[in-house]
Amino acid sequence: MLSVSGRKPASVVIEPIARTLTRLGLSPNTVTVAGTCITIAIVVTLIPLNHLVWAAIFSAIFSALDMVDGTMARMRGAGTQFGATLDATCDRLTDGALFGAITWWLIYTYHAHPSLIIASFVVLVTSQVISYVKARGEASGFTMVGGLIERPERLILALGGIGLTGLGVPYAIDIALWVLAVGSVYTVIQRLLMAAHSQEATQPSKPPAGAREFPHS
């Protein structure tokens, strides 16, 4: 939801940063890779070491580069297909690292109930599936805009949960993960229904490379 409605308010902060980085001669792809590497290093280091507040703050700051690189590309005229593929790949890596680190911390530091660990694994898996369904659907010609839990909501809830837990708020991460788990499963179903109800849903698909084709009966 926020990926659509939140871009305009965020542009007030993002656009000056994008202009500055462009003037420094940095490319959007460089910013994408740098933001990903830094964010992954932050979450896999600080979260397992129980530095939750700093992990939330620094991760939020560098995750904002996910919007900066796209803005830089548009300021240059247009983004590229490779840039979009790189950005989506880096997002998946960052999400995997974040929820992998949170799950590690739940097991070895928080000593969470097994049900909460399962919820964290559900979020880890569905965070990848949500994005895949959209990418695969759009590659098939479907229009798939929006969804209950998209990447901004996922980051806000996860980083808010660990940050508040670090500040001593009881059950903050528990609530965040259960909301994410239920909401993410719902979003997978929601996007599959978008695809199923699309006008292109019944169009024949191309067989995979090397597959035998059969005549229509």
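As the structure is a computational prediction, the values presented were derived from the model and not from experiment. (Residues numbered from 1 in each chain as written. Predicted model: local features only at pLDDT ≥ 70, side-chain atom pairs only at ≥ 80, totals over all residues. Heavy atoms only, no water.)

### Here we look at the overall build of the chain
Definition in use: Note on conventions: DSSP H or I runs of at least 4 residues are helices, E runs of at least 2 residues are strands, and numbering of each starts at the N terminus. Contacts are assigned to residue pairs with any non-hydrogen atoms lying within 4.5 Å of each other. Shrake-Rupley sampling with a 1.4 Å probe provides the accessible areas, and residues are treated as covered by the protein chains on show and by no other component.
Scanning the chain for helices and strands turns up 9 helices and 0 strands. Along the chain direction, N to C, the helices and strands of the chain fall in the order α-α-α-α-α-α-α-α-α. Dimensions along the principal axes, computed over C-alpha positions, put the chain at roughly 65 × 50 × 30 Å. The contacts in the chain between residues at least 6 apart in sequence include a share of 79% that link residues at least 24 apart. Carbon and sulfur atoms make up 68% of the accessible area of the chain, which amounts to about 12400 Å² in all.

### Things to note about the packing of helix H7 (residues 114-139) against helix H9 (residues 172-196)
Basically, it comes down to this: Between N-to-C directions, angles cover 0 to 180 degrees, with each direction set by a line fitted to C-alpha atoms, over the stretch in contact for helices. Crossing handedness is defined as follows: a turn of the near helix away from the far one that is anticlockwise and smaller than a right angle gives a left-handed crossing, while the clockwise case is right-handed. Gly is put with the polar residues, along with every residue not named as nonpolar or charged; the nonpolar set is Ala, Val, Leu, Ile, Met, Phe, Trp, Tyr, Cys and Pro, and the charged set is Asp, Glu, Lys and Arg.
Running from amino to carboxyl end, H7 crosses H9 at an angle of 35°, the nearest separation of the two axes being 8 Å. Pair H7 / H9 crosses with left-handed handedness. Along its contact with H7, which presents Ser115, Leu116, Ala119, Ser120, Val122, Val123, Thr126, Val129, Ile130, Ser131, Val133 and Lys134, the element H9 presents Asp174, Leu177, Trp178, Leu180, Ala181, Ser184, Val185, Thr187, Val188, Arg191 and Leu192. Grouping the amino acids of the contact of H7 with H9 by side-chain chemistry returns 14 nonpolar, 6 polar and 3 charged.

### Overview of the nonpolar core
Here is the rule we go by: Think of a nonpolar core as a cluster: buried Ala, Val, Leu, Ile, Met, Phe, Trp, Tyr and Cys residues, connected wherever their side-chain atoms sit within 4.5 Å. Only protein chains enter the area calculation, which uses a 1.4 Å probe; residues under 20% of their type maximum are buried, those over 50% are exposed, and those in between are partly exposed.
Core analysis: the biggest nonpolar cluster contains 28 residues, and Ile47, Leu98, Phe99, Ile102, Leu106, Ile162 and Leu177 have the highest contact counts within it. Listing elements by their share of this core, those giving two or more residues are helix H3 (28-46), helix H4 (52-63), helix H6 (81-108), H7, helix H8 (151-166) and H9. Broken down by element, this core gets its largest block of residues, 7 residues, from H6. Excluding residues within four positions of it along the chain, phenylalanine 99 makes contact with Ser120, Val123, Leu124, Arg154, Ala158, Leu177 and Leu180.

### Structural notes on the UniProt feature "transmembrane region" (unreviewed entry) in the chain
The cut-off we apply is this: UniProt positions are given in the numbering used here, feature names are shortened, and annotations may be inferred rather than shown by experiment.
UniProt's feature table lists "transmembrane region" (unreviewed entry) at residues 155-173, given in the numbering used throughout. Helix makes up 74% of residues 155-173 and strand 0%, whereas the separation of the span's terminal C-alpha atoms amounts to 12 Å.

### As for the environment of aspartate 87
Along the chain, the position of aspartate 87 falls in helix H6. Residues aspartate 87 and leucine 116, 29 residues apart in the sequence, show an inter-C-alpha distance of 30 Å.

### Re the side chain of arginine 191
Relative to the elements of secondary structure, arginine 191 occurs in helix H9. Excluding its chain neighbours within four sequence positions, the residues that come into contact with arginine 191 are Ile130, Ser131, Val133, Lys134, Met144, Gly146 and Glu150.

### Observations concerning empty space enclosed by the protein
Defined as follows: Both site types are read off a 1 Å grid over the protein atoms alone. A 1.4 Å probe that fits but cannot get out defines a cavity, while an open set with protein on both sides within 12 Å along at least five of seven lines defines a pocket; lining residues have an atom within 4 Å of a point. Grid points are joined across faces, edges and corners, and a volume is the space filled by probe spheres set on the points.
Across all of its chains, the model carries 2 cavities of 30 Å³ or more by this definition. Taken as a whole, the largest cavity encloses approximately 110 Å³ of empty space. Taken together, 15 residues form the lining of the largest cavity, with Gly35, Thr36, Phe62, Asp66 and Asp91 sitting closest to its centre. If you list the elements that add at least two residues to the lining of the largest cavity, you get H3, H4, helix H5 (65-75) and H6. With 5 residues, H3 is the largest single contributor of residues to the lining of the largest cavity. Across the lining of the largest cavity, the residue classes tally to 4 nonpolar, 6 polar and 5 charged. Along the walls of the second largest cavity sit Thr39, Val43, Ser59, Ser63, Thr94, Leu98, Leu155 and Leu159, which together make up its complete lining. When contributions to the lining of the second largest cavity are tallied by element, the ones reaching two or more residues are H3, H4, H6 and H8. Grouping the constituent residues of the lining of the second largest cavity by class yields 4 nonpolar, 4 polar and no charged.

### Brief notes about a nonpolar patch on the surface
Counted only if it meets this: Exposure above 30% relative accessible area and no salt bridge define the residues that can form patches, which grow by joining like charges within 9 Å and nonpolar side chains of Val, Leu, Ile, Met, Phe, Trp and Tyr within 5 Å. Any carboxyl oxygen of Asp or Glu within 4 Å of a side-chain nitrogen of Lys or Arg constitutes a salt bridge here.
A surface patch of nonpolar side chains, about 390 Å² in accessible area, is lined by Trp54, Ile57, Phe58 and Ile61. By secondary structure assignment, the location of isoleucine 61 is in helix H4.

### Describing the environment of phenylalanine 214
Considering the arrangement of structural elements, one finds phenylalanine 214 in the segment after H9. With relative accessibility at 57%, the residue phenylalanine 214 sits in the exposed group. C-alpha separation for the pair phenylalanine 214 and alanine 64, spaced 150 residues apart in sequence, amounts to 49 Å.

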